[in-house]
Amino acid sequence: MANKFISLKNLKFLLYDVHNVAQFTENYDYYKMHDLESFDFMLEAALQIAEKELYPFYQDMDRNHVPEVVDGKTNTHPQIAKFLKAYTESGWMSSHVPEKYGGMQLPGLVNLCAEMIFYAANNGACLFPGLTSGAARLIMAFGSDKLKKEYMEKMISGEWMGTMCLTEAGAGSSLSDMVTSAEETSEGVYKIEGQKIFISGGDNDFSENIVHLLLARIKGAPAGTKGISLFVVPKFRKNEAGELVDNDVIPAGAYHKMGQKAIPAMHLAFGDNNNCEGYLVGEANKGLKYMFKMMNGARIEVGVLGSAISSAAYYASLQYAKERTQGRDVNNKNPEEPQVPIIEHADVQRMLLLQKSITEGAMSLVLEAGRAHDLSHVLEGEEKKRASLFLDLLTPLVKVYPSEEGIRSVSNGLQIFGGYGYTEDFPLEQMARDMRITTLYEGTTGIQSMDLLGRKILMENGAAAKILFEKVTETIELANTHDELKKYAAILGNEMQELQGITMHLAGFAMKGELKRFLADANLFMEYFCIITVAWQWLKQGTIAKQKLLTANPSPEDVTFYESKIHTMKFFFHYEVPRGAGLKTRLMDTEMLTMCKDTAILT
Amino acid sequence: MKLLVCVSKTPDTTTKISFTENDTNFNTQGVQFIMNPYDEWYALVRALELKEKLGSGTVTIINVGPADNDTVIRKGLAIGADDAVRIDANPTSSHFVAKQIAEYAKAQSYDIVFLGKETIDYNGAEVGSVMAEMLDAPFISFATHLEVNGNTATINREVEGGTEVLEVDTPFLISAAKGMAEQRIPNMRGIMMAKRKPLNVVPAVDSSDLVSVTKYELPSGKTDCKYVDPENMEELVSLLHNEAKVI
Ligand SMILES: Cc1cc2nc3c(=O)[nH]c(=O)nc-3n(C[C@H](O)[C@H](O)[C@H](O)COP(=O)(O)OP(=O)(O)OC[C@H]3O[C@@H](n4cnc5c(N)ncnc54)[C@H](O)[C@@H]3O)c2cc1C
C-alpha cells in the first residue's frame, strides 16, 4: 500500500483559503463556538484515526470476512466494530448534530473534509457511519420527540446503526412504483410488509439494533410519489416491558458485488411473518419529500466518496511513478544508461495531472456545495432561499462529477501501474472496483442529468443558474487582476456564454412541449456543465494560489504547493475544458439518433 | 496526586532542515511544528492514565516558549491535561529550560514530574537530569513502564539486553520512552474544552546559558549503491578496502 491517501495541506487550503470557513465561525452565532485551530486539531485527529483504524484494513476487508448471511446472521469484518468505536468516541458520529442534541455543531464544510479523509482511507467501512448519521438526521428533521428519544439518540451515540430502504425489485430509478405496504394498527404504528433490495448496511453482527428508514405505501394511499410515506422500522422493537424483541426484518441475502465489500448490500424481507412494525415519520404521504432530504445529503456524500477514492488512487500512482523505473528519455537511446523513473515520461505526467486535476477539482466542487449548505443553515429570508437554490443546483453536479470523472481518474491511475495495476498486488484494481458504484446508487447519472436539465436549471425561472453565473463572474473579475490568469478567466467567460446559449437552445424544446427531445442528451449536457463548473473551481484555486505567492511570504514547500495548484489549473484549462467543444457540437446538433420508436434498430 | 508534564515543541518529522545565522540557528520559516512525540505519546498519556486510575489528582502541562507555542500546549489540553503553564521566554538551552521549570515546580510541590526521553529535534535528553539536580529529587530516565502504589513507584527501564526494575518514592522526575503508554487521539469534546481550560503565562526567571552553539551541520548525503557480481569476490574486497575503507 502507498504511504499516503490524502493531503491534509490540500484540504486545509480548500477549507480555509478557497472556501473560507472562517466566514462562518466569525459571523454566525451558530458556529461561533469553533475556530480554525480546533479545526486543525480535528482534521489531524481524523487523519490519525484513518491511518490507524481504516487504511491498514482496506485490502483485507475486500478479501476476508466479506459479509454473508449464515444462519440468519450477517457477518462483517471484525475491524468495522473497532473502527466505529474509535470514530464514535472521537465525536464524528455526532459532529454535525446541533449542541442541543449532544452534538458538536460543526460546519458542514469541516465535516466534509473529515469525511474525505475517512473515505480515502477505506471507503466501504465508512458507509456504516455515513448511513447511520444520515438516517439520524432524517429523524431529527421530521420525527416526533418520541422517535428522537428512542432511536435518534442511540444512533448518534453509535450504539445502533441506520439505513435507507427505498429500492425494490420493480422500483429502482422509478421510486413511484414501489409496492411495500403499511397498514395502521394503532396511532402512528403500522404493520409493514414488503421486500427491499440493495440495502447498504442492511444487516450486521456488531450493533445491538439497526434502524431502517423505510419508504412504503399506506394502504389506500394515492398512486405515484404522492402516496409514499416514511417509517422507522427497527430490526428489534421495544416491547411493553422495554425489552428489545424481534421485529420480523429478515436478512434474505447479501449481494455478491463488485466492490465496497466491507459493507453488505442486503435483500431484506419485512413482515414475512406478519409481525413487522413501523412508526410513521412526520405526516402520511410526505415520505418521498422527507427522504429527499436524506438523499440530497447522501448525494453529496457520494461526491465525497468519489473525490476521496480518486485521491487515494492519485497518491498511490504518484508514489509508484516515482519509484518504478522503465525506459529512457525519448532522446536517449543508450542502453548503458540507467532507466528513468516513469514520472519523467510526458504521458505519465499527463495521467498524473489528469488525476490531480479531477481529484482536487472534485473536492473543491463538493466543498462549494458544503458552503451553500452551511449558508442555507445560518442565513434568513431571501438570502437563505438563494443559498438553498444554489445548493439544489450543485447537488446533482456533486453526485456526478466526482463519480463519472473519478472512474476516469482511477482508471488512469491504474494505467500508470502498467500490468501490475491489473493485479491484486497493488490497490488500484480494488479502487477501480470500489469507485464503480458511485455513478449508480443515490440516483444514476442518467437520473441526475435529467434532474439538472429538467428541473434545476429551469426552476424559479432559472434563478439557480443565475446565481452560478454571478459567482463565476466574481471569480473571473478576481482572476483578471493577475496577468498570468487573464487568459483562463477569458476562456471561462466564453464557456459561460456558450453554456447559456446551449441551455436556451435546449430549453426551446421544453417550451415547445418536446420533452423527450429536450432531455435526450441530458447526460452530455451534464458532462459539459460539470467541466465548466469545475473549471470555475480551478480558476478559484489558481487565483488564491497566486495571491498567496504574492503576499504570504511562503516557505519553499508552500511555493511548490501553490505553483503546483496553478500548474494543475492550467492543465485543466488546456486538457479538460477543450473536451467541451465536442459536447457542444453534439448538444447543438439536429440529428437525433437516440429516440428511435422502433428499437429493433439496436440489433 | 499532582502531576506535571513538561512538553516541548518540535518540527514535524517530515520537515526539511536548514540553518541560518552562519549555521548556528535552525531555520523555522514555514516549518510545521508538533508536540514532541515522546512528551505527547508517552509522558502525557501515562500521567493521564495515572490520574484516571487514581480517580483524583491533576495533570498540568508546562512549556518554556513564546506565545506561538500555545497551539501545541492546547493540543495537550485537548488530549486531557487539566491546565497548562507557559513560561514566557525563548528556550535557548537545556540549562535555561531546566532552570525555568525547576523554579516554577519548586513552589508547587508536584508528586511526579514527567518528561519525554528526549526531544526529536536537538535530542539532548538533558533537561530532566539538570532539573532533578535543581529540585534535589531523584530522576529515572528512559522509563518504559510506571506503576504507582501509594507514595512508591515501580519503574522499568530498558537496558542493554534486558530490563532494570527500580523503586522510588515520590516526589521524583521521570523521562518516558516508547512502551510507557499508547498515543491518544484527542476527541472533539476534548478539543472544544481545551479552549476553556486555564493556560497561565508566567514570566521567566533570570538564567544564563552555560553552552552556546557554534555550528550545525547536516549529515552528508547517502552515497550511491553499488552492485557487485556475486562471483567477483575480489572486486568486493577491493571496494570494501579502498572505497568504503571498512576492511
Ligand atoms: C451496492 C449498492 C448499494 C445500494 N444501496 C442502496 C441503499 O442503501 N438503499 C436503497 O434504497 N437502494 C440502494 N441501492 C439501489 C440503487 O439506488 C439503485 O440500484 C439505483 O437507484 C438504480 O436502480 P436500478 O438498479 O433499479 O436500475 P434501473 O432503475 O433499472 O436503471 C437501469 C438503467 O436505466 C436508466 N434509467 C432508468 N430509468 C430511466 C429514465 N426514466 N430515463 C432514462 N434512463 C433511465 C438508469 O439510468 C440506468 O442506467 C444500492 C445499489 C447498489 C448496487
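Keep in mind that this is a model prediction, so the values were computed, not measured.

Visitor: Hey, could you run me through the overall build of chain A in this one?
Guide: Looking only at helices and strands, chain A has 19 helices and 12 strands in total. Relative to its length of 603 residues, chain A is compact, with a C-alpha radius of gyration of 25 Å against a globular reference of 25 Å. Viewed in the frame of its principal axes, chain A has a C-alpha envelope of about 80 × 60 × 60 Å. In chain A, of all internal contacts separated by at least 6 residues, the share reaching a separation of at least 24 is 75%. Entry remark: accessible area of chain A is about 24,700 Å², with carbon and sulfur atoms responsible for 52%. Averaging the locations of the 61 positively and 76 negatively charged side chains of chain A gives two centres separated by 3 Å.

Visitor: How should the overall build of chain B be read in this particular structure?
Guide: Within chain B, the secondary structure is distributed over 6 helices and 13 strands. Projected onto the principal axes, the alpha-carbon positions of chain B cover approximately 70 × 45 × 40 Å. A total of 247 residues make up chain B; the buried ones form 38% of that total. At a minimum sequence separation of 6, the contacts of chain B that also span at least 24 residues come to 69%. With the model as given, the accessible surface of chain B reaches about 13,600 Å², and the carbon-plus-sulfur share is 49%. The averaged location of the 35 negative side-chain charges in chain B is 9 Å from the averaged location of its 23 positive side-chain charges.

Visitor: Even after reading the chapter, I still don't get the site of the ligand, so can you show me in this structure?
Guide: Residues and elements named next belong to chain A. Close contacts around the ligand come from 17 residues, with Thr-167, Ser-173, Phe-198, Ser-200 and Thr-444 the closest. At a separation of 2.6 Å, an oxygen atom of the ligand approaches a polar side-chain atom of Ser-173. Considering the ligand on its own, with 980 Å² of exposed area, one finds that the protein chains cover 62% of that surface. Among the secondary structure elements, those contributing two or more residues to the shell around the ligand are strand E3 (161-165), strand E5 (189-200) and helix H13 (445-456). In terms of residue count, the dominant contributor to the shell around the ligand is E5 (3 residues). Tallied by class, residues from the shell around the ligand come to 10 nonpolar, 5 polar and 2 charged.

Visitor: Any chance you could explain helix H7 (residues 123-142) of chain A here in plain terms?
Guide: For H7(A), spanning 20 residues, the distance from its first C-alpha to its last is 29 Å, which sits close to the expected 28 Å at 1.5 Å a residue. In terms of burial, H7(A) is largely enclosed, as 17 of its 20 residues are buried.

Visitor: What's the story with the interface of chain A and chain B in this structure? I'm lost.
Guide: Think of interface size as the accessible area that goes away when the parts come together; that is how it is often given. With 24 residues of chain A in contact, the opposing surface of chain B contributes 16 residues. Between chain A and chain B the total buried area reaches about 1,800 Å² when both faces are included, carbon and sulfur atoms providing 57% of it. Considering only the surface of chain A that becomes buried against chain B, A:Glu37, A:Phe41 and A:Gln48 emerge as the three largest contributors, covering 32% of it. Seen at the junction of chain A and chain B, the total is 2 salt bridges. Across the contact surface, chain A and chain B share 7 residue pairs in polar contact (both at pLDDT 80 or more).

Visitor: How should I be thinking about the side chain of A:Lys584 in this particular structure?
Guide: Note that A:Lys584 resides in helix H19 (residues 579-588). Once you skip the residues sitting within four places of it in the chain, A:Lys584 turns out to touch A:Glu495, A:Glu498, A:Ile502 and A:Tyr528.

Visitor: I would appreciate a short explanation of a nonpolar patch on the surface in the present structure.
Guide: Residue and element names in this part refer to chain B. On the surface, a nonpolar cluster with roughly 280 Å² of combined accessible area is contributed by Val-237, Val-246 and Ile-247. As for its position among the elements, Val-237 is in helix H6 (residues 233-243). On the basis of relative accessibility, which here comes to 44%, the residue Val-237 falls in the partly exposed class.

Visitor: How do you make sense of the sheet that holds strand E11 (residues 162-169) of chain B when you look at a structure like this?
Guide: Strand pairing within a sheet occurs via backbone hydrogen bonds; the two strands may be parallel or antiparallel. All names here are of chain B. Overall, mixed pairing links the 9 strands, which are arranged E11-E10-E9-E12-E8-E1-E6-E7-E13 in an open sheet. Of all the strands in the sheet, the pair left with one neighbour each is E11 and strand E13 (199-203). Mean inter-strand twist for the sheet, computed between neighbouring axes without regard to direction, equals 30°. The sheet contact formed by strand E9 (residues 139-149) and strand E10 (residues 152-159) spans 6 bridges and is antiparallel. Of the residues in E10, the one forming a bridge with Asn-149 is Thr-152. Most of the contacts of helix H1 (residues 37-54) go to strand E8 (residues 112-116), to which it runs at about 150°, and overall it touches strand E1 (2-6), strand E6 (58-64), E8, E9 and strand E12 (172-176). Docked against the sheet, helix H2 (residues 70-79) engages E6, strand E7 (83-88) and E13, running at close to 160° with respect to E7.

Visitor: I would appreciate a short explanation of the packing of aromatic side chains in the present structure.
Guide: Given two aromatic rings, their pairing is described by the distance between the two centres and the angle made by the two planes. All names here are of chain A. Under the definition given, this model contains 29 aromatic pairs over all chains. Aromatic side chains Phe-417 and Phe-426 sit 5.1 Å apart centroid to centroid with 55° between the ring planes, which places their arrangement in the tilted category. Exposure remark for Phe-417: the relative accessible area of 3% places this residue in the buried category. Between Tyr-420 and Phe-426, the ring centres sit 6.3 Å apart and the planes meet at 80°, which makes this aromatic pair edge-to-face. Residue class for Phe-426 comes out partly exposed when judged on its relative accessible area of 26%.

Visitor: Looking at this model, I keep getting lost on the pairing of E7(B). Mind explaining?
Guide: Regular strands have side chains that alternate between both faces of the sheet. All names here are of chain B. Across 5 bridges, the pairing between E6 and E7 is parallel. Across the sheet, the residue bridging to Ile-62 is Val-85, located in E7. Remark: the E6/H2/E7 crossover connection has right-handed handedness. As defined by bridge partners, E7 adjoins E13 across 5 bridges and the pair is classed as parallel.

Visitor: What am I meant to see in unusual backbone geometry here?
Guide: Most peptide bonds take the trans configuration, and most residues that are not glycine carry a negative phi. Residues and elements named next belong to chain B. With an omega of -5°, the peptide bond between Thr-170 and Pro-171 qualifies as cis. As for its position among the elements, Pro-171 is in the loop between E11 and E12. Its identity is not glycine, yet Asp-23 carries a phi of approximately 60°, on the positive side. The residue Asp-23 is located in the loop between strand E3 (19-20) and strand E4 (25-26) in this model.

Visitor: Would you take a moment to explain the pairing of E1(B) for this structure?
Guide: Residues and elements named next belong to chain B. The element E1 is extensively covered by neighbouring structure, given that 4 of its 5 residues are classed as buried. The sheet contact formed by E1 and E6 spans 5 bridges and is parallel. Opposite Leu-4, over in E6, you have Thr-60 as the bridge partner. Pairing analysis gives 3 bridges linking E1 to E8, with the strands arranged parallel. Residue pairing for E8: Val-5 is matched across the bridge by Phe-114.

Visitor: Please explain the packing of helix H3 (residues 36-54) of chain A against helix H6 (residues 108-121) of chain A as it appears in this structure.
Guide: The description of two packed helices rests on the angle between their axes and on the distance between the axes. Residues and elements named next belong to chain A. Contact pair H3 / H6: the axes reach a minimum separation of 9 Å and the direction vectors enclose 15°. Accordingly, the angle class assigned to the pair H3 and H6 is roughly parallel. In this structure, H3 meets H6 at a crossing whose hand is right-handed. Counted together, Phe-39, Leu-43, Ala-46, Leu-47, Ile-49, Ala-50 and Leu-54 of H3 and Val-110, Cys-113, Ala-114, Ile-117, Phe-118 and Ala-121 of H6 form the full contact between these two elements. Grouping the amino acids of the contact of H3 with H6 by side-chain chemistry returns 13 nonpolar, no polar and no charged.

Visitor: Would you mind showing me how to read H13(A) here?
Guide: Note on helix geometry: an α-helix contains 3.6 residues per turn, so any two residues three or four positions apart are oriented the same way. Among the residues making up H13(A), those that are buried are A:Thr445, A:Gln448, A:Ser449, A:Asp451, A:Leu452, A:Leu453 and A:Lys456. Looking at the packing, one finds that the buried side of H13(A) touches helix H9 (287-323), helix H11 (381-416), helix H14 (459-479), helix H15 (483-511), helix H16 (515-520) and helix H17 (522-551) of chain A.

Visitor: Even after reading the chapter, I still don't get the pattern of salt bridges, so can you show me in this structure?
Guide: Side-chain pairing between opposite charges can occur once the charged atoms of the two side chains come close. Residue and element names in this part refer to chain A. According to the stated counting rule, one finds 52 salt bridges over all chains in the structure shown. The residue Lys-9 makes a salt bridge to Asp-558 at a minimum N-O spacing of 2.4 Å. Note that Lys-9 is positioned in helix H1 (residues 8-18) and Asp-558 in helix H18 (residues 556-576), a separation of 549 residues in sequence. You can call Lys-9 partly exposed: its relative accessible area is 39%. With relative accessibility at 18%, the residue Asp-558 sits in the buried group.

Reading the values: rules and limits
- Residues numbered from 1 in each chain as written.
- Chains lettered and ligands numbered in written order.
- Predicted model: local features only at pLDDT ≥ 70, side-chain atom pairs only at ≥ 80, totals over all residues.
- Heavy atoms only, no water.
- Helix = DSSP H or I, 4+ residues; strand = E, 2+ residues; numbered from the N terminus.
- Rg over C-alpha atoms; globule rule 2.2 N^0.38 Å.
- Contact = heavy atoms within 4.5 Å.
- Areas by Shrake-Rupley, 256 points an atom, 1.4 Å probe, with all protein chains shown as cover.
- Lys, Arg positive; Asp, Glu negative; His and termini not counted.
- Charge placed at Lys NZ, Arg CZ, Asp CG, Glu CD.
- Buried < 20%, exposed > 50% of the residue type's maximum accessible area, 1.4 Å probe, protein only.
- Near = heavy atom within 4 Å.
- Polar contact = N/O pair within 3.5 Å; in protein donor to acceptor, adjacent residues only side chain to side chain.
- Nonpolar A, V, L, I, M, F, W, Y, C, P; charged D, E, K, R; others polar.
- Expected span 1.5 Å × (residues − 1).
- Buried area = accessible area lost by both parts, 1.4 Å probe.
- Salt bridge = Lys/Arg side-chain N within 4 Å of Asp/Glu carboxyl O.
- Patch = residues over 30% accessible without salt bridge, like charges linked within 9 Å, V, L, I, M, F, W, Y side chains within 5 Å.
- Pairing = 2+ DSSP bridges.
- Axes fitted to C-alpha atoms, helices over the stretch in contact; angles between N-to-C directions.
- Phe/Tyr/Trp six-rings, centres within 6.5 Å; stacked < 30°, edge-to-face > 60°.
- Right-handed = clockwise from strand over helix to strand, strands pointing away.
- Parallel < 35°, antiparallel > 145°, perpendicular 65-115°, else oblique.
- Left-handed = near helix turned anticlockwise from the far one by under 90°.

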